[in-house]
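Commentary on secondary and tertiary structure
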There are 2 protein chains.
Amino acid sequence: MNTVEETKTEFLAFLKKKAALEEALNLVYWDIRTKIPKKGTEGRAEVIGVLSEQIFEMEVSEEMAAFIATLAPHRAELDEITAKSLDESNRVYALNKKIPAKEFRAYSKLVAEAENVWGEARAENDFAKFAPYLEEIVTMKRKFVEYWGYEQNKYDTLLDQYEPGMTVEVLDSVFLKLRDAIMTLRGKMAREGTAPNPDLLRVTMPREKQQTFSEQILTKMGFDFDAGRLDDTIHPFAIGLNLHDVRITTRYDEDNFKMAVFGIIHEGGHAIYEQNFNPKLAGTPLKEGASMGIHESQSLFYEIILGSSFAFWKSNYKNLTKLEPKFAQVPLEDFYRAANLSESSLVRIEADILTYPLHIMIRYELEKALMNGELEVADLKEAWNNKYEEYLGIRPEKDSEGILQDIHWAGGDFGYFPSYALGLIYAAQFFHTMERELPELDQIIESDDYTPIREWLTEHIHQYGKLKKPLEILKDTTGEGLNPDYLIDLLNKRYEFVYNLKS
Amino acid sequence: MNTVEETKTEFLAFLKKKAALEEALNLVYWDIRTKIPKKGTEGRAEVIGVLSEQIFEMEVSEEMAAFIATLAPHRAELDEITAKSLDESNRVYALNKKIPAKEFRAYSKLVAEAENVWGEARAENDFAKFAPYLEEIVTMKRKFVEYWGYEQNKYDTLLDQYEPGMTVEVLDSVFLKLRDAIMTLRGKMAREGTAPNPDLLRVTMPREKQQTFSEQILTKMGFDFDAGRLDDTIHPFAIGLNLHDVRITTRYDEDNFKMAVFGIIHEGGHAIYEQNFNPKLAGTPLKEGASMGIHESQSLFYEIILGSSFAFWKSNYKNLTKLEPKFAQVPLEDFYRAANLSESSLVRIEADILTYPLHIMIRYELEKALMNGELEVADLKEAWNNKYEEYLGIRPEKDSEGILQDIHWAGGDFGYFPSYALGLIYAAQFFHTMERELPELDQIIESDDYTPIREWLTEHIHQYGKLKKPLEILKDTTGEGLNPDYLIDLLNKRYEFVYNLKS
């Protein structure tokens, strides 16, 4: 028999091998979305298949089961990284093994097909084409929840997969409060506010200048170009290959500099998170963000809290104007207001930050009802359209701009959407604590070096990777649980300024 | 028991999986030599290790042994691609399995260390530092040859690994003839010739223009940019990920346009070979060049036979002059002569094409003597220096420009060097046959479209990948075995023109 110490060494080597395959797979993903020649993608699909399968097979292998069986009784003797790597491996093992293999295979096949059909249905504006697949996915997902088990609410089980510890009970009350605040603010803006003039931003800025400007900001943020890259793509993303190789991507519109600049700040936030994991987490399943929500909190912190603040633009607008003198005709305040215009829109990914949470709440409420059997796919489109009318005052006329706009459900990813809004709430909570702990924060944001901000985030959040649960990070950092007040406060102040409201 | 048909299906699926891992590994290699951020390489080494090991383990696995055992007796019933995939798998299996596992591991470790030490020794100009490693490598390699077995000459076994079917008997006579011809020609050039003026090429050409010019030529050659890329690197190479994704790389020197332009033509020749494999070879071990020598014949065909011919520059010099008007002051003939200057040099990779084969012959003769026990590492440096004096009339003063210039021996790659010279001989033989079969060849080379040339190469060489042996391709294409006469004829004609000799 092996000693615990020997098994631990073998376990860590096993995880390291899995991490290497994940790194290879991530490189394939990066390449396929940035560099691959047009005709190369078909053959590359086979590579993705083989690597994904190998990783999955390791996760549910008998070898993994044996590691868990041997080490779990000795968890208390293990160092923290090994113990939590064991927990995470066990979580993933159980998640997959509780589903009968046959049903899991059928499900995998179904979502692969469904994603294709979704793409076609979306192009054809025809939800009816996609509905039968979605129905089957919902049926299977409901069944999976029974296999996985649940306590208070069936949807909790799904939430927990993306945001460990999050529950419907917490989210219901937090989202209600946030929704009321946003609706009230939007009402006031409509009645009493002066909408900024978006035409002020219609300045053509060459791609190279946009890139130079964005790279200046990335550098100020603390993005390490020796441990990362910036490339072009169609749908921007950030991807960490290893701690010292985290890549971001963007696309440019010469007539809309906001797209690339804010996109790069956002992806930069994700990347800086991964560049600052504790190096000891390399090769373990903890070398990832704590959760979807915490990851999003980092990108949104930089994009929305920092990058959309007035203080931020005091110095950066000078740099922008230097690069693109056409902006010099627009005073900073007018520029800033124009950049923060808020409008109802049908498409989530095009929404501004004030309306964005409403898009998420709509999806949250529909998912929750679907998973608890209170809503059926047959009634989903009507429910979707009604919610948009209720929350945003507009009603989709085309499925492609309505219920078919997101791929998530086609992939079976129920429980994922709330993370986007949670990220924003977390970010505002972190910022509030940061303000308390860094008294010079305003000056830092107005300066050309955000190092103290990056260091604060690394100290409290980045370094831990998946070593802490999201709510643990939140509590340890801010002393509180989930609390939307700071976000509400920030939104009120920002839009009072942008819309010239009396507070 | 499985039927032969079932085993065949499983065997092909097994090979396809191995090919997918190879594709992933090649992407990692490409990335590490082109795009990876500086700090990312350390972590990536683990990925290379894991993927290489998986591929190797598949090649020598019990599963592979079982496929071979089951299918070999039924080889005659298999389709050609499966049968030859089986042969190739069997060859690789035997190659590795004939060496006792313990010795193989020791050897792998030794060469990994030796490559590092070689790098240090080279930087320090100190062969003595590297010599003990080389001695051990030679000892092990000699032992391996005993394990592998040999017939006429021990070195044949090593030659066969890079150039199947090639023997010392053939090479000795071919190289002797070629050497005599080159020595005679060089003597005549020295006595009666007028050396061209290399200063005519000292034109500064911006990087972008060099790239535009090279891409024009690649397009004429038939390189498919939808199935490939061109990127920057330090040590240029071509790498095929799959049939529709073959990437080349180059580096630019603004004061020496020849480096990038001829480098790109060379790598383009490699890439066009791989872009035109029969698609049915995808996923099998036959989706590779027939041999090192045949692969080199394709790059050298484009670089040396086509790209360094006077006819080629008739049209391309116009394009070059259009992009870089500074060339307009130099008449085409003078430009062409200057580009084909030949001089003795110490470093193989900087040699012109007339002296290049001599560099190869020196290595060939030393390797052959080492492997047959007629020379020891203790005497190698002296032997190297003497050969350079004898063949090229110059003697290295520094080990880094002498015996330490190539990495091959540190990697244990004895038998590899001859492929470079074979590639040149093959290319000249192919060209001679092409001249006979394409009567308009001169006009094609002078034109802006080399499609008939690419098609001829695809028909006779490209499509077969590893489906045919190198000498089979040579015989089927030219009707002859290895014959240096066509290369000798070409060199004589070219240098008579360049050096204004009376023929």
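Residue positions are given per chain, counted from 1 along the sequence in the order it is written. All chains are assigned letters beginning at A, and all ligands numbers beginning at 1, according to the order in which they are written. In keeping with the predicted nature of the model, local features appear solely for residues at pLDDT of at least 70, side-chain atom pairs appear and are counted solely at 80 or more, and the whole-chain, interface and lining totals rest on all residues. With hydrogens and water set aside, each side-chain value is computed from the structure's full complement of heavy atoms.

Notes on the overall build of chain A
Spelled out, the test is: Under the DSSP-based scheme used, a helix requires at least four consecutive residues in state H or I and a strand at least two consecutive residues in state E, with every element numbered from the N terminus. Burial status follows relative accessibility: with a 1.4 Å probe on protein chains alone, a residue under 20% of its type maximum counts as buried, one over 50% as exposed, and anything between as partly exposed. Contacts: residue pairs with any heavy atoms within 4.5 Å of one another.
A tally of helices and strands in chain A yields 20 helices and three strands. Projected onto its principal axes, the C-alpha positions of chain A cover 75 × 50 × 50 Å. Counting all 503 residues of chain A, 57% fall into the buried class. Long-range pairs, those at least 24 residues apart, make up 72% of the contacts in chain A between residues at least 6 apart in sequence.

Section: the nonpolar core
Here is the rule: Throughout, nonpolar core names a set of buried Ala, Val, Leu, Ile, Met, Phe, Trp, Tyr and Cys residues whose side chains join them through atoms within 4.5 Å.
Among the nonpolar cores identified, the biggest contains 137 residues, and A:Phe301, A:Trp313 and A:Ile453 are the most heavily contacted of them. When residues in this core are grouped by element, the largest group, 11 residues, is from helix α16 (residues 418–437) of chain A. Sequence-distant contacts of A:Phe301, that is, excluding residues within four places in its chain, are made with A:Leu306, A:Gly307, A:Ala427, A:Phe431, A:Met434, A:Ile453 and A:Leu457. B:Phe144, B:Leu178, B:Ile362 and B:Leu501 belong to the second largest nonpolar core, which has 135 residues in total.

Here we look at the relation of the copies chain B and chain A
Note the following rule: Residues reaching a pLDDT of at least 70 in both copies supply the C-alpha atoms on which the copies are superposed by least squares.
By a simple turn and slide, chain B fits onto chain A: the slide is 0.1 Å along the axis, the RMSD is 0.1 Å, and the turn is 180°. Seen this way, the second copy is the image of the first under a two-fold rotation axis. When C-alpha distances to the rotation axis are compared across chain B, the minimum falls at B:Ala24, with a value of 3.4 Å. A symmetric contact is evident, with 100% of the interface residues of chain B recurring at the interface of chain A.

Topic: the sheet that holds strand β2 (residues 238–242) of chain B
Residue and element names in this part refer to chain B. Stated formally: Strand pairing follows a simple DSSP-based rule, namely that at least 2 bridges must link the two strands. Convention adopted: a line fitted to C-alpha atoms gives each axis, helices being fitted over their contacting stretch, and angles between N-to-C directions are expressed from 0 to 180 degrees.
Taken in spatial order, the three strands make up an open sheet running β1-β3-β2, and their pairing is mixed. The open sheet terminates on both sides in strands that have one partner only, identified here as β1 (228–232) and β2. Sheet twist, expressed as the mean angle between neighbouring strand axes with direction ignored, is 20°. Summarising the sheet, β1 and strand β3 (residues 245–250) pair through five bridges and their orientation is parallel. Residue pairing for β3: Arg229 is matched across the bridge by Arg247. Across the sheet, helix α10 (residues 257–275) lies against β1, β2 and β3, angled at about 165° from β3, the strand it touches most.

A closer look at the sheet that holds strand β3 (residues 245–250) of chain A
Residue and element names in this part refer to chain A. Pairing is mixed in the open sheet, where three strands are placed in the order β1-β3-β2. With one partner strand each, in any of the chains shown, β1 (228–232) and β2 (238–242) form the two edges of the open sheet. Mean inter-strand twist for the sheet, computed between neighbouring axes without regard to direction, equals 20°.

What to know about the pattern of salt bridges
Residue and element names in this part refer to chain A. To keep it simple, the criterion reads: For this analysis, a salt bridge means a side-chain nitrogen from Lys or Arg found within 4 Å of a carboxyl oxygen belonging to Asp or Glu.
Summed over all chains, the structure comprises 86 salt bridges over all chains. In this structure, Lys314 engages Glu446 in a salt bridge whose closest nitrogen and oxygen atoms are separated by 3.2 Å. One end of the pair, Lys314, is in helix α12 (residues 310–323); the other, Glu446, is in helix α17 (residues 441–446), and 132 residues separate them in sequence. Residue Lys314 is classed as partly exposed on the basis of its relative accessible area of 35%. Judged by relative accessible area, which is 31%, Glu446 ranks as partly exposed.

Digging into the pairing of β2(B)
All names here are of chain B. Burial runs high along β2: four of the five residues are buried. In this sheet, β3 lies alongside β2 in antiparallel orientation, the contact comprising four bridges. Each residue of the ladder has a partner; that of Ala238, found in β3, is Ile248. Here β2 hands over to β3 after two residues, the two strands then running antiparallel side by side.

Topic: the interface of chain B and chain A
For an interface, size is often stated in terms of accessible area lost upon the parts coming together. Going by this rule: Note: buried area is the sum, over both parts, of the accessible area (probe 1.4 Å) each one loses when the two are combined. Within 3.5 Å is the distance limit for a polar contact, defined as a pair of N or O atoms, with the added protein rule that one can donate a hydrogen and the other accept it, and that residues adjacent in sequence qualify only through two side-chain atoms. Polar here means any residue other than Ala, Val, Leu, Ile, Met, Phe, Trp, Tyr, Cys and Pro, which are nonpolar, and Asp, Glu, Lys and Arg, which are charged; Gly is therefore polar.
Listed as interface residues are 34 residues of chain B and, on the opposing side, 34 residues of chain A. Summed over both partners, the interface of chain B with chain A comes to about 2,800 Å²; 58% of that surface belongs to carbon and sulfur atoms. Among the residues of chain B in contact with chain A, B:Pro37, B:Lys39 and B:Asp226 are the three that bury the most area, contributing 19% of the side total. Linking chain B with chain A are 12 salt bridges. For A:Arg44, the salt bridge goes to B:Glu23, with nearest N and O atoms at 2.5 Å. Summed over the shared surface of chain B and chain A, the result is 19 residue pairs in polar contact (both at pLDDT 80 or more). At the level of elements, α1 (4–34), α2 (41–59), β1, β2 and β3 of chain B are the ones that each hand at least two residues to the side of chain B that touches chain A. A total of 10 residues in the side of chain B that touches chain A trace back to one element, the largest contributor, which is α1(B). A class-by-class count of the residues in the side of chain B that touches chain A yields 14 nonpolar, six polar and 14 charged.

Points about the domain arrangement of chain A
Residues and elements named next belong to chain A. Stated precisely, the cut-off is as follows: Each domain's extent was defined by an automatic or database domain assignment.
Taken domain by domain, chain A consists of domain 1 (4–97) and domain 2 (199–335 + 439–465). Spacing between the C-alpha centres of domain 1 and domain 2 amounts to 30 Å. In this complex, domain 1 contributes 17 residues to the contact, which on the side of domain 2 involves 19 residues. Carbon and sulfur atoms make up 64% of the area that domain 1 and domain 2 hide from each other, which totals about 1,500 Å². Area buried by domain 1 at its contact with domain 2 is led by Trp30, Arg33 and Ile81, which between them contribute 39% of it. Taken together, the connections running from domain 1 to domain 2 amount to two salt bridges. For Lys287, the salt bridge goes to Glu22, with nearest N and O atoms at 3.1 Å. There are six residue pairs in polar contact (both at pLDDT 80 or more) connecting domain 1 and domain 2.

Observations concerning the environment of A:Gly222
Along the chain, A:Gly222 turns up in the loop between α9 (207–221) and β1. Excluding its chain neighbours within four sequence positions, the residues that come into contact with A:Gly222 are A:Ile272 and A:Gln275.

Describing the packing of aromatic side chains
Residue and element names in this part refer to chain A. Going by this rule: Any pair of Phe, Tyr and Trp rings, taking the six-membered ring for Trp, is counted once the centres come within 6.5 Å. Such a pair is stacked with planes under 30 degrees apart, edge-to-face with planes over 60 apart, and tilted for the rest. Placement of a charge over a ring requires the Lys NZ or Arg CZ to be within 6 Å of the ring centre, with the centre-to-atom vector within 35 degrees of the ring normal.
Taken as a whole and judged by the stated rule, the model has 70 aromatic pairs over all chains. For the pair Phe312 and Trp313, a centre-to-centre distance of 5.3 Å together with 75° between the ring planes defines the contact as edge-to-face. Measuring from centroid to centroid gives 5.4 Å for Trp384 and Tyr388, while their planes differ by 20°, and the two rings are stacked. With Trp384 and Tyr388 both in helix α15 (residues 380–392) and four residues apart, this pair spans about one turn of that helix. With respect to burial, Trp384 and Tyr388 carry one shared label: buried. The cationic tip of Lys468 hangs over the ring face of Tyr464; the distance from NZ or CZ to the ring centre is 4.0 Å.

Looking at the packing of helix α13 (residues 332–339) of chain A against helix α20 (residues 485–498) of chain A
Residues and elements named next belong to chain A. The line we're drawing: Note that the term roughly parallel is reserved for angles under 35 degrees, roughly antiparallel for angles over 145, roughly perpendicular for angles of 65 to 115, and oblique for everything else. We call a crossing left-handed when the near helix sits turned anticlockwise from the far one by less than a right angle, and right-handed when that turn is clockwise.
At their nearest, the axes of α13 and α20 sit 9 Å apart, and the two run at 125° to each other. The angle between α13 and α20 falls in the class oblique. Classified by chirality, the crossing of α20 by α13 is left-handed. Residue-level contacts link Glu333, Tyr336 and Arg337 of α13 to Arg494, Phe497 and Val498 of α20. A class-by-class count of the residues in the contact of α13 with α20 yields three nonpolar, no polar and three charged.

Remarks on the packing of helix α8 (residues 168–192) of chain A against helix α14 (residues 356–371) of chain A
Residue and element names in this part refer to chain A. At a minimum axis distance of 10 Å, the contact between α8 and α14 shows a crossing angle of 145°. Judged by the sense of rotation from one axis to the other, the crossing of α8 with α14 is left-handed. Judged by residue contacts, Val168, Leu171, Asp172, Phe175, Leu178, Arg179, Ile182, Met183 and Arg186 of α8 engage Pro357, Leu358, Ile360, Met361, Tyr364, Glu365 and Lys368 from α14. Taken together, the residues that form the contact of α8 with α14 break down as 11 nonpolar, no polar and five charged.

A closer look at helix α19 (residues 470–478) of chain A
Residues and elements named next belong to chain A. For the record, the criterion: Throughout, the arc means that of the directions going from the helix axis to the C-beta atoms.
Turning to α19, its buried residues number three or more, namely Pro470, Ile473, Leu474, Thr477 and Thr478. Buried residues of α19 fall within an arc of 100° about the axis and therefore sit on the same side. Looking at the buried side of α19, the elements it contacts are α11 (292–306), α16 and α18 (451–460). Positive phi appears at Gly479, one or two residues downstream of α19, with a value of about 80°.

A closer look at the pairing of β3(A)
When you tally the buried positions in β3(A), you get six out of six residues, the bulk of the element. The alternating pattern of β3(A) places A:Asp245, A:Arg247 and A:Thr249 on one face and A:Val246, A:Ile248 and A:Thr250 on the opposite face, and all of these are buried.

So, the side chain of A:Thr478
Along the chain, the position of A:Thr478 falls in helix α19. Engagement of the side chain of A:Thr478 in a polar contact is seen with the backbone oxygen of A:Leu474, the distance being 2.7 Å.

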